[in-house]
Amino acid sequence: MFALGSLSRRLKAEHGEWSLIGPPSGGDTSNLLDQNISTPYFIYVLAFFSALGGFLFGYDTGVVSGAMLPLKREMNLNALWQELLVSSTVGAAALSALSGGYLNGWLGRRICILVASFIFSVGGIVLSLAQDKVVLLVGRVTVGLGIGIASMTVPVYIAEVSPPHMRGQLVTINSLFITGGQFVASVVDGAFSYLSRDGWRYMLGLSIIPAVLQFFGFVFLPESPRWLLQKGRSDEAHRVLSQIRGNQNIDEEYDKIKASIEEEKEVGAGGVVILRILRHGPTRRALIVGCCLQMFQQLSGINTVMYYSATILQMGGVQDDKQAIWLAAATSATNFVFTLVGVWLVEKVGRRKLVLGSLLGTGLSLTLLAVSFLLSAQNSPPVTFHPYDPQNSTCRQYGSCELCMLDPNCGFCYRENGTVVFETSCVPVNLASTDHAAWGRCSNSTEGSDNLIWAYNYCPTSYSWVVLMGLVLYLASFAPGMGPMPWTVNSEIYPLWARSTGNACSAAANWIFNVLVSLTFLHVAQFLTYYGAFFMYTGLVVLALLFVFACLPETKGLQLEDIENLFTGRWDQKHRLQQSLSAPGHYFSFPILSIFQSL
Ligand SMILES: O[C@H]1[C@H](O)[C@@H](O)[C@H](O)[C@@H](O)[C@H]1O
């Protein structure tokens with residue numbers, strides 16, 4: 001308490017208050033948004049320690065792909081165990097995000113963040129000390145439980161402590177920490193991949209450091225004043241609000257929160273919260289918007305790009321394992337850098353335009369990826385060499401690399417001279433390790449010897465640069481908008497009584513679709529081919545675009561207590577005018593909304 005309290009006091013004494021340059025455009029014009037609003041540094045301290053939860057979310061989901069390479073070798077993991085170690089975390093996150101809603105309302109945001117960082121630390125210790133795969137699985141499920149709680153609590157906490165004019169930016173910083181965590185994880189993976197033994201212990205265990213840091217930080221940080229007020233702890237709420245707003249007058253903000261809690265008691269009291277949300281029109285519509293945004297975020301294919309970037313790049317012609325790890329690091333660096341653009345833009349252009357622009361770019365770059373895969377498929381090298389197949393496998397029947405590569409039991413074995421591919425065959429993969437063929441010349445060759453190459457899950461192609469360009473464009477479009485905005489918008493659109501449950505449901509939707517998309521990607525690719533899969537994602541992005549265009553209101557600059565009104569029909573002329581001026585294309589202007597409003 002003393003350490004952070006005195007830190008914030010010292011910062012204030014040394015630097016005075018931090019002033020925004022100019023007023024935020026549009027939105028509520030109450031005093032809360034007046035020009036020259038000053039922001040005490042303490043809010044940054046709060047945002048930083050909270051967003052460590054986002055960092056851990058990103059680190060623990062990102063680190064596993066690189067850790068899997070040494071783990072596979074040292075623990076002799078078959079495909080099922082690899083799959084289990086990757087998806088158990090995401091599955092556990094879905095479950096704990098759901099239960100996190102109840103914990104959030106009952107114990108408060110602060111205690112939930114403390115619980116999450118404690119769980120992260122325990123998970124990190126278990127993983128770094130694991131002696132067998134079952135313990136590894138326990139560790140992965142443990143960190144998943146932490147991720148789920150953190151993913152739904154942190155944005156809510158940041159939104160509730162932030163002043164309205166910079167709430168979007170501060171919540172988006174949490175998403176920046178997610179992609180930052182993924183980037184750091186990929187660099188750590190790259191660095192420790194050179195160790196001949198136990199590299200994975202460092203990769204998986206290093207998350208203990210931010211987890212412990214967050215835990216001790218939150219021992220000293222305050223609870224959300226909105227949650228305190230809801231629990232009737234008014235004095236404490238008043239004290240915390242004035243502490244986090246520095247020397248500003250908080251009376252208006254405090255009274256508004258209090259009044260809205262009183263008002264909410266009518267709709268928000270009694271019975272199971274999710275049923276009350278569903279029965280009450282405005283919260284039901286907010287929940288639909290929140291869950292669909294999270295669903296569409298995952299259906300845009302971000303995690304196929306993140307998890308399979310190495311494979312996608314291999315398809316684009318990159319063959320070396322280490323090179324693939326570092327290129328995957330470059331992918332997550334791109335995701336991180338472009339999330340920064342989102343942090344910068346969110347309070348300038350608002351959430352709605354950012355999401356629409358992002359979806360447009362994402363759709364175009366997915367089309368580019370699909371077309372480059374289509375071109376690679378059409379120019380796929382034919383099979384020219386047919387060795388005797390002792391297993392009489394299905395691989396014999398394929399006439400081109402494309403068809404051979406799409407069968408998970410087969411791989412493409414060939415010689416290369418410069419850009420010329422020759423003596424090509426399609427042979428069964430070694431079931432114990434996909435790095436080799438089951439028999440024949442590609443079964444024991446070291447990579448590249450005799451110009452002999454074993455391509456599993458990809459084909460040699462001369463369209464690598466188009467694939468690479470598609471990938472970079474995809475991330476540059478996705479990362480500023482569709483990456484962070486679903487988290488940001490969800491932290492804002494529910495009234496206090498529905499906030500924990502609303503965020504729990506939408507975060508769970510995110511995790512469930514995350515598992516679904518990443519587990520099905522290879523099967524979808526097998527069924528529809530790679531270009532088919534990317535055309536399918538393009539179609540889903542078009543649906544997302546229509547949905548967002550019709551249903552997502554602009555929340556920029558409004559106080560949390562005012563946002564529920566965006567989902568009711570009760571919106572007086574003045575606010576309507578302000579909204580349509582500040583956010584042309586606001587959903588009230590569209591006829592399609594009348595359908596949505598009757599939902
Ligand atoms: O917002 C995040 C971010 O975009 C990550 O890169 C992605 O892996 C997550 O699934 C998503 O929720």
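In this report, we go over the structure that sits alongside the text. Note that this is a predicted model, so its numbers are computed, not measured.

What counts, and at which threshold
- Think of each chain on its own: its residues are numbered from 1, step by step along the sequence as written.
- For this predicted model, a pLDDT threshold of at least 70 governs which residues receive local features, and a threshold of 80 or more governs which side-chain atom pairs are given and counted, while totals over whole chains, interfaces and linings are taken from all residues.
- Only hydrogens and water are set aside when side-chain values are computed; all heavy atoms of the structure are taken into account.
- Only one rule defines a salt bridge in this text: a Lys or Arg side-chain nitrogen within 4 Å of an Asp or Glu carboxyl oxygen.
- Strands are runs of DSSP state E lasting at least two residues, helices are runs of H or I lasting at least four, and both sets are numbered from the N terminus onward.
- Burial classes: relative accessible area under 20% of the type maximum marks a residue as buried, over 50% as exposed, and values in between as partly exposed (1.4 Å probe, protein chains only).
- Two cysteine sulfurs form a disulfide in these notes if their separation is within 2.5 Å.
- Interaxial angle, 0 to 180 degrees, is taken between N-to-C directions of lines fitted to C-alpha atoms, where a helix line uses only the stretch in contact.
- Handedness of each helix crossing follows the sense of rotation of the near helix against the far helix: counterclockwise by less than a right angle gives left-handed, clockwise gives right-handed.
- The classification used treats Ala, Val, Leu, Ile, Met, Phe, Trp, Tyr, Cys and Pro as nonpolar, Asp, Glu, Lys and Arg as charged, and all other residues, Gly among them, as polar.
- Two strands form a pair only when DSSP identifies at least two bridges running between them.
- Each residue is tested against the molecule or strand, and it is near if at least one of its non-hydrogen atoms lies within 4 Å.
- By the criterion applied in these results, polar contacts are pairs of N or O atoms within 3.5 Å in which, for protein atoms, one can donate a hydrogen and the other can accept it, and in which residues neighboring in sequence qualify only through two side-chain atoms.
- Accessibility throughout is a Shrake-Rupley quantity obtained with a 1.4 Å probe, and a residue counts as covered only by protein chains that appear here.
- Contact criterion: two residues are considered in contact whenever any of their non-hydrogen atoms come within 4.5 Å of each other.
- In this scheme Phe, Tyr and Trp rings, the latter by its six-membered ring, pair at centre separations within 6.5 Å, and the angle between planes marks the pair as stacked below 30 degrees, edge-to-face above 60, and tilted otherwise.
- Two distance rules govern patches: like charges are joined within 9 Å, and nonpolar side chains (Val, Leu, Ile, Met, Phe, Trp, Tyr) within 5 Å, applied only to residues with over 30% relative accessible area and no salt bridge.

**Here's the deal with the pattern of salt bridges**
Stage number 1. Scanning the entire structure with this criterion turns up 14 salt bridges.
Stage number 2. The residue Arg226 makes a salt bridge to Glu253 at a minimum N-O spacing of 4.0 Å. One end of the pair, Arg226, is in helix H9 (residues 225-230); the other, Glu253, is in helix H11 (residues 251-268), and 27 residues separate them in sequence.
Stage number 3. Its relative accessible area of 1% is what places Arg226 among the buried residues.
Stage number 4. Since its relative accessible area comes to 4%, Glu253 is described here as buried.
Stage number 5. One salt bridge connects Arg415 with Glu423, and the closest N-O pair in it is separated by 2.8 Å.
Stage number 6. Among the residues examined, Glu423 registers a relative accessible area of 34% and is labelled partly exposed.

**Some words on the state of the cysteines**
Stage number 1. In the structure shown here, the tally under the stated rule is four disulfides.
Stage number 2. Each disulfide pairs two cysteine sulfurs, and for Cys395 the partner residue is Cys410, the sulfurs being separated by 2.1 Å. Judged by the sign of its S-S torsion, about -90°, the bond between Cys395 and Cys410 is left-handed. Residue Cys395 is found in the loop between helix H16 (351-378) and helix H17 (401-406), and its partner Cys410 is found in strand S3 (residues 410-417); the two are separated by 15 residues along the sequence.
Stage number 3. By relative accessible area, which is 1% here, Cys395 ends up buried.
Stage number 4. Cys410 sits in the buried class, given a relative accessible area of 0%.
Stage number 5. Each sulfur in the disulfide pair Cys413 and Cys442 lies 2.0 Å from the other. Handedness of the Cys413-Cys442 disulfide follows from its S-S torsion of about 80°: it is right-handed.

**A closer look at the packing of helix H2 (residues 42-74) against helix H6 (residues 167-192)**
Stage number 1. Running from N to C, H2 and H6 cross one another at 35°; their axes reach a closest spacing of 6 Å. Judged by the twist between their axes, the crossing of H2 over H6 is right-handed.
Stage number 2. Of the residues belonging to the contact of H2 with H6, the class tally is 18 nonpolar, 11 polar and one charged.

**Examining the pairing of strand S4 (residues 420-428)**
On a regular strand, each side chain points to the face opposite its neighbour's, so the side chains alternate between the two faces of the sheet.
Stage number 1. Relative to S4, S3 runs antiparallel, the two sharing seven bridges. Among the inter-strand pairings, Cys413 is bridged to a residue of S4, identified as Ser425.
Stage number 2. Counted between consecutive antiparallel strands, the loop separating S3 from S4 contains two residues, among which Gly418 sits at a positive phi close to 65°.

**Description of the site of the ligand**
Stage number 1. By nearness alone, every residue bordering the ligand is listed as Phe57, Thr179, Gln182, Gln297, Gln298, Asn303, Asn335, Phe478, Gly483, Trp487, Asn510 and Asn514.
Stage number 2. One nitrogen or oxygen atom from the side chain of Asn303 is found 2.7 Å from an oxygen atom belonging to the ligand.
Stage number 3. One nitrogen or oxygen atom from the side chain of Asn335 is found 3.0 Å from an oxygen atom belonging to the ligand.
Stage number 4. Isolated, the ligand exposes 300 Å² of accessible area, and the fraction of that covered by the protein chains is 98%.

**Focus on the side chain of Gln214**
Stage number 1. Mapped onto the elements of the fold, Gln214 is located in helix H8 (residues 208-220).
Stage number 2. In this structure Gln214 comes out as buried when scored by relative accessible area, which is 1%.
Stage number 3. Setting aside anything within four residues of it in sequence, one finds Gln214 in contact with Phe49, Ser50, Leu52, Gly53, Leu56, Ile113 and Ser117.

**Regarding the packing of aromatic side chains**
Each aromatic ring pair is described using two quantities: the centre-to-centre distance and the angle formed by the ring planes.
Stage number 1. Throughout the structure, instances matching the rule amount to 20 aromatic pairs.
Stage number 2. A ring pair is formed by Phe55 and Tyr59, whose centres lie 6.2 Å apart and whose planes are at 20°; its orientation type is stacked. Of this pair, Phe55 and Tyr59 both sit in helix H2, four residues apart, roughly one helical turn.
Stage number 3. Among the residues examined, Tyr59 registers a relative accessible area of 2% and is labelled buried.
Stage number 4. Measuring from ring centre to ring centre gives 5.6 Å for Phe412 and Tyr414, while their planes differ by 35°; the resulting arrangement is tilted.

**Focus on the packing of helix H13 (residues 281-299) against helix H20 (residues 496-551)**
Stage number 1. Relative orientation of the contacting elements H13 and H20 amounts to 30°, with a least axis distance of 4 Å.
Stage number 2. Considering only residue class, the contact of H13 with H20 consists of 22 nonpolar, nine polar and no charged.

**Some thoughts on a nonpolar patch on the surface**
Stage number 1. There is a patch of nonpolar side chains on the surface, built from Leu195, Tyr202, Leu206 and Ile209 and spanning about 360 Å² of accessible area.
Stage number 2. Here Tyr202 shows up in helix H7 (residues 199-205).
Stage number 3. Overall, the relative accessible area of 44% leaves Tyr202 in the partly exposed class.

**Brief notes about the environment of Ala97**
Stage number 1. The topology assignment puts Ala97 in helix H3 (residues 79-107).
Stage number 2. Residue class for Ala97 comes out buried when judged on its relative accessible area of 0%.
Stage number 3. Separated by 469 residues in the primary sequence, Ala97 and Leu566 have C-alpha atoms spaced 26 Å apart.
Stage number 4. In contact with Ala97, other than residues within four places in its own chain, are Gly148, Ile149, Met152, Ala504, Ala507, Ala508 and Trp511.

Don't take any of this as a statement about function, it's just geometry.
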